[in-house]
Amino acid sequence: MKQPHPASLLAALAALLALGCASARGTAVRVVKELNPVATYEVNVMSATPRGPYLDARLVGTDFDLTLLFPASDLCARLVQAESALTWVPDGSFGAVRDDEGSKCSAVGVASLAAWRDRFPQRRVGPTFPRETARYRVIHRDEDAVLVRGRFPLAGLVKIPGGNDLVAVIPNSEACQAALARSESSLEFRDTGPVPYRLGSGDGSCPVQGFAIPPAVAAGPPGAP
């Protein structure tokens, strides 16, 4: 059997050492599964939490791990339950889930923005982080989160439409109280890192956890199927 040339072994060792050093510095290249726009995914509902007019549900499957927001309708509440096995299918902006009988519930938002951003080809926005003014009002508050509705002009950077009228999910944390007490704040976007959007706190500690279509808009016009 032919033995590897010493020079080849040294080159391979150098490459491994370089990768290790990059990882230690936090600069290793991320390997991210991109969302296939025509694929379907078999998923399990890991959790489903009522959140005002929405159901906040984490769906996990092979190459799929997203927390999506669904309307809190009777149909969606029946389908999107913890431990349910469903199929995610491309539908609208956020996809939909269906069961074996063909019943379907369309997602109207996403509450895992870093995972959502990273499932699309990366779009670099330059050396500085873009900022815009977000304007909003509180529409729901619970123990874990606050929903605010208003204008979030940078949402389109992660392929979320409707930035002039969206609902944002904000942690009900001490760090976010100052921003929540106002009707407008600075909104910052980052194309890398665990927090794509930050809202209005001087130390950057108030993340935006999700965006969703407002409930009346998501439901469609009166009488719509």
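Residues numbered from 1 in each chain as written. Predicted model: local features only at pLDDT ≥ 70, side-chain atom pairs only at ≥ 80, totals over all residues. Heavy atoms only, no water.

Novice: Can you walk me through the overall build of the protein chain in this structure?
Specialist: Of the regular secondary structure elements, the protein chain holds five helices and 13 strands. Within the span of the protein chain, comprising 225 residues, buried residues form 38% of the whole. Restricting the contact set of the protein chain to residue pairs at least 6 apart, pairs at least 24 apart contribute 58%. (Helix = DSSP H or I, 4+ residues; strand = E, 2+ residues; numbered from the N terminus. Buried < 20%, exposed > 50% of the residue type's maximum accessible area, 1.4 Å probe, protein only. Contact = heavy atoms within 4.5 Å.)

Novice: Would you take a moment to explain the state of the cysteines for this structure?
Specialist: What we call a disulfide is simply a covalent bond connecting the sulfur atoms of a pair of cysteines. Counted according to the given criterion, the structure contains two disulfides. The disulfide that involves Cys 176 links it to Cys 206, with 2.1 Å between the sulfurs. Linking Cys 176 and Cys 206, the disulfide has an S-S dihedral of approximately 115 degrees and is accordingly described as right-handed. On the criterion of sequence distance, the pair formed by Cys 176 in the loop between strand E10 (166-171) and helix H4 (177-181) and Cys 206 in the loop between strand E12 (197-199) and strand E13 (210-212) is long-range, its members being 30 residues apart. Assigned by exposure class, Cys 176 and Cys 206 land together as buried. Indicated for the protein chain is the disulfide connectivity 1-2, 3-4, based on numbering the bonded cysteines in sequence order. (Disulfide = S-S within 2.5 Å.)

Novice: Please clarify how the environment of Ser 112 should be interpreted in this entry.
Specialist: Relative to the elements of secondary structure, Ser 112 occurs in the loop between strand E7 (109-110) and helix H3 (113-118). On the basis of relative accessible area, Ser 112 is assigned to the buried category, the value being 16%. Between the alpha carbons of Ser 112 and Gln 209 there is a distance of 6.2 Å; along the sequence they are 97 residues apart. Those residues in contact with Ser 112 that sit more than four places away from it in its chain are Leu 66, Thr 67 and Gln 209.

Novice: What exactly am I supposed to notice about the packing of aromatic side chains here?
Specialist: Here the distance between the centres and the angle between the planes together describe a pair of aromatic rings. The final tally for this structure, using the stated rule, is eight aromatic pairs. With a centroid separation of 5.7 Å and 40 degrees between ring planes, the pair formed by Phe 94 and Trp 116 is classed as tilted. Remark: Trp 116 occurs in helix H3 and Phe 94 occurs in the loop between strand E4 (85-89) and strand E5 (96-98); sequence separation between them is 22 residues. For the pair Phe 94 and Trp 116, a shared accessibility class is recorded, and that class is buried. Here the aromatic residues Tyr 136, Phe 152, Phe 189, Tyr 197 and Phe 211 are joined through ring pairs into a cluster of three or more. Above the ring of Tyr 41, the side-chain terminus of Arg 119 is found at 5.9 Å from the ring centroid. (Phe/Tyr/Trp six-rings, centres within 6.5 Å; stacked < 30°, edge-to-face > 60°. Lys NZ or Arg CZ within 6 Å of the ring centre and 35° of its normal.)

Novice: Would you take a moment to explain the confidence of the model for the protein chain for this structure?
Specialist: The predicted coordinates should not be examined in detail at positions where pLDDT is low. Here the protein chain shows a mean pLDDT of 83. Residues at 70 or above account for 74%. Between residues 6-32, whose pLDDT stays under 50, and residues either more than four places distant or in other chains, the model counts eleven contacts. Every residue in residues 220-225 is under pLDDT 50, and counting partners more than four places away or in other chains gives zero contacts. (pLDDT = per-residue confidence, 0-100.)

Novice: How do you make sense of the side chain of Asp 56 when you look at a structure like this?
Specialist: With respect to the secondary-structure elements, Asp 56 resides in strand E2 (residues 54-61). The exposure class of Asp 56 is buried, given its relative accessible area of 12%. Those residues within four positions of Asp 56 in sequence are excluded, and the remaining contacts are Ser 47, Ala 48, Thr 49, Arg 51, Thr 67, Leu 68, Leu 69 and Ala 111.

Novice: Explanation requested: the pairing of strand E8 (residues 131-141) in the structure shown.
Specialist: If a strand is regular, its side chains alternate between the two faces of the sheet. Sheet analysis places E8 next to strand E11 (residues 184-189), joined by five bridges and oriented antiparallel. Bridged to Ala 134 within E11 is Ser 185. In this sheet, strand E9 (residues 145-151) lies alongside E8 in antiparallel orientation, the contact comprising six bridges. Residue pairing across strands places Arg 135 opposite Arg 151, the latter belonging to E9. (Pairing = 2+ DSSP bridges.)

Novice: How do you make sense of the nonpolar core when you look at a structure like this?
Specialist: Most often, soluble globular proteins keep nonpolar side chains buried together rather than apart. Core analysis: the largest hydrophobic core is formed by 46 residues, its most contacted members being Leu 59, Phe 70, Ile 160 and Phe 211. Among the elements that line this core, the one with the most residues is strand E3 (residues 64-71), at four residues. Discounting chain neighbours no more than four positions away, the residues touching Phe 70 are Pro 53, Tyr 54, Leu 55, Ala 57, Leu 59, Val 80, Val 97, Cys 105, Ser 106, Ala 107 and Val 108. If you look at the next biggest cluster of nonpolar residues, it comprises nine residues, including Leu 69, Leu 147, Val 167 and Ala 212. (Core = buried A, V, L, I, M, F, W, Y, C linked by side-chain atoms within 4.5 Å.)

Novice: Explanation requested: the pairing of E9 in the structure shown.
Specialist: A large share of E9 lies buried, amounting to five of its seven residues. Linking two consecutive strands that pair antiparallel, namely E8 and E9, is a turn of three residues. Bridge count for E9 against E10 is six bridges, and the pairing is antiparallel. Directly across from Gly 150, in E10, lies its bridge partner Leu 166.

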